[in-house]
Amino acid sequence: MFFNQAGAFMFAAGLACFGAAGMARAETAITPDVLHSPERATAMVSTGQQDAYRKLIRAYTQEEAAHPKDAGLVLARCRFIQTFSYSEEISWADAALDDFESCKKELETRYSSDAEASLFMADQHEGKDAVSFARSLLPASSHWTLPQRARLHAVLARAYSAANQKNPAGQEALAAVQLDPGSDQLVSALRYLATSGRTGEAEALLARTPVDPSRWKEWSRVSFAADSLSPAAALAELQRAGKSEGPFNDWLAARIYLRAGKTAEAVKALARAGSCSCDETVQQFQTRLNVAVAAGDGKTASVALQAWFTKTGITGPLLFAYGNLLRHEPSQLFSSTLLHLALSMLALMLVLAYVPSLIAFPAHYRGTVRARLNKSTVPLFERVGLRQLWIAFGVFLIVSVLVPLLGGGSSLQALATNKLLSNDEQATIAALQLSAMLLGGVLLAPIAWCFSRREWLGRRGLITAIVIAVLWTLVKALWIWSTWHAGQHGALTGGNLHDRTIAMLALAFARMGGPAFAFLVIAVAVPIYEELIFRGCLLGGLTRHISFGWANIWQALLFAVMHNDMPHFLFYFLLGLSGGWLARQTRGLAAPIALHAANNAVACAAMLLSG
């Protein structure tokens, strides 16, 4: 419920009147019997309060009779009554609630054209009724003042949000802020713009909105900027908030300074926050650790990491933080206080190395059964078997996890939490992608030599492969064009974490070496690397022991799962199946590589054009 100053004044006046009445009764009506009965004493207080309430209601009635056209007076009476109507501490709340319903009905009947009365009534509705009632006021609101129209859109935003309709709620919040920069819907509007891929608009809107005089509201804006906007925008809002009076959130300031590359300021902010304590939250441990690592303070980083472990145990973010510390100070690998983290990371690597056995052992067993039944198998590649499958898939898994653990740090966390990345953070993630492929490529070089020149190029069916690659390219290009033409190009780059990552990598590689370099990595290096693993080693190893059909399904499933993109799982599964079929038809890897490259080239072009 919302109360204005008039309601608060009337409430104070009611208490004053009750105090006077209560004192009069205390002097004339209190007897020893009453004092010995707490129930009777409480009833006297309630009765005296109700008498004061009734006296004020009569005063309202007299004043309204003298000014019958004063809608503000009736509105003030409704707000005054509302103060008591939902109280659980007075015995006559039901009577006040009846008065409130009567007052609302009078307000709606006599002053339906009054903007303030309409806004008050809109606040009284809930759920779908709130949406319907507020929308019915939109035509008449064209004659209202801008702040009044903003409040109406704010009512709609809250109503849609309560109904879990995020997009309409965000649109109404944005409309409210555009009409009144001081609207309390600013953060909701910013969140809507950021999640819609319009982060630039969100940053511009925040920059032109005055600092909120309410300190906690202003810091909620700073917190949102730190979590969802660029480091520059978060730093600018932090600096604006710092000029206003009130307490300073040093933890939040340290996070913002760190992302903006101002390590010295982050250290000073944490110094103001105090020394490491077990009362700190996980996010505060993480902030202290990241600042210490950036400042080269290994001792503080180690203490923070140990405290974080004591509070949470082994978790993914903790291992990322430990890897970040090792990258800056490899000597911490031999720290006795962090031995449990070193062992945990080693255990994780061993588990990843063992995962391929979950595929290799069943395939070997099935192959043994088929051999006993005299069912022949036709290996896809002459020198590729389960050993190559195990090594290749194990290397792929370990490299894909180990490199981000040791080099990802806050950049990957920012990506995973949908923050707007700075160019430096994007470059860091792009460098991780390149490092993982280069390291994986070096480790897989001996296996690559297991494929003969003809097995790389293929022996037959090249025309069929070219036709299929061209058709696939045309279909995907048509789908992207139709999506773009329908005005949904944001879905191409911001639909989920995988889409955002690919879009970010395309733009980062383009900044590093131009569009040609982006195409070289995404449309050439990635297809060669992944086809060697999935269609070469996985499919090749499985076909030595089980039928091609099952082998192709298994490798395509793994290919789709490894992309971590459930909305497009079927697409990647079909791409894996098609690549496997082409590998069999041509007896080589060139055809599936070409299909994969064509697919990635179209995607890369779309990302660069929408960037």
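Before any of the text, the structure's been laid out above.
Residues numbered from 1 in each chain as written. Predicted model: local features only at pLDDT ≥ 70, side-chain atom pairs only at ≥ 80, totals over all residues. Heavy atoms only, no water.

Visitor: In this structure, what is going on with unusual backbone geometry? I would like to understand it.
Guide: Positive phi is not limited to glycine here, since N564 has a value of about 50°. Inspection of the secondary structure assignment puts N564 in the loop between helix 29 (548–562) and helix 30 (569–586). Even without a glycine there, the phi angle at R587 is positive, about 55°. (Helix = DSSP H or I, 4+ residues; strand = E, 2+ residues; numbered from the N terminus.)

Visitor: Could you clarify how one ought to interpret a positive patch on the surface in this entry?
Guide: The grouping of R454, R459, R460 and R584 at the surface amounts to a positive patch. Considering the arrangement of structural elements, one finds R584 in helix 30. Residue class for R584 comes out partly exposed when judged on its relative accessible area of 36%. (Patch = residues over 30% accessible without salt bridge, like charges linked within 9 Å, V, L, I, M, F, W, Y side chains within 5 Å. Areas by Shrake-Rupley, 256 points an atom, 1.4 Å probe, with all protein chains shown as cover. Salt bridge = Lys/Arg side-chain N within 4 Å of Asp/Glu carboxyl O. Lys, Arg positive; Asp, Glu negative; His and termini not counted. Charge placed at Lys NZ, Arg CZ, Asp CG, Glu CD. Buried < 20%, exposed > 50% of the residue type's maximum accessible area, 1.4 Å probe, protein only.)

Visitor: What exactly am I supposed to notice about the packing of aromatic side chains here?
Guide: What describes a pair of aromatic rings is the distance from one ring centre to the other and the angle between the planes of the rings. Applying the stated criterion across every chain, the model contains 20 aromatic pairs. Taking 6.5 Å as the distance between ring centres and 70° as the angle between the ring planes, the aromatic pair formed by F559 and Y572 counts as edge-to-face. With F559 in helix 29 and Y572 in helix 30, this residue pair connects regions lying 13 residues apart in the sequence. One exposure class covers both F559 and Y572, and it is buried. Among the aromatic residues, those joined into a ring-pair cluster are F393, F396, W472, Y529, F534, F559, F571 and Y572. Lying over the aromatic face of F559, R535 brings its terminal NZ or CZ to 4.3 Å of the ring centre. (Phe/Tyr/Trp six-rings, centres within 6.5 Å; stacked < 30°, edge-to-face > 60°. Lys NZ or Arg CZ within 6 Å of the ring centre and 35° of its normal.)

Visitor: How do you make sense of the nonpolar core when you look at a structure like this?
Guide: Across soluble globular proteins, nonpolar side chains have a tendency to be buried as a group. Counting residues in each nonpolar core, the largest one holds 88 residues, and the members touching the most others are L305 and F393. Per-element accounting of this core gives the leading share, 12 residues, to helix 28 (residues 515–543). Apart from the residues within four sequence positions on either side, L305 is in contact with L289, L318, A321, Y322, L325, L338 and L341. The next biggest cluster of nonpolar side chains, apart from the first, holds 39 residues, and it includes Y60, A76, F120 and A130. (Core = buried A, V, L, I, M, F, W, Y, C linked by side-chain atoms within 4.5 Å. Contact = heavy atoms within 4.5 Å.)

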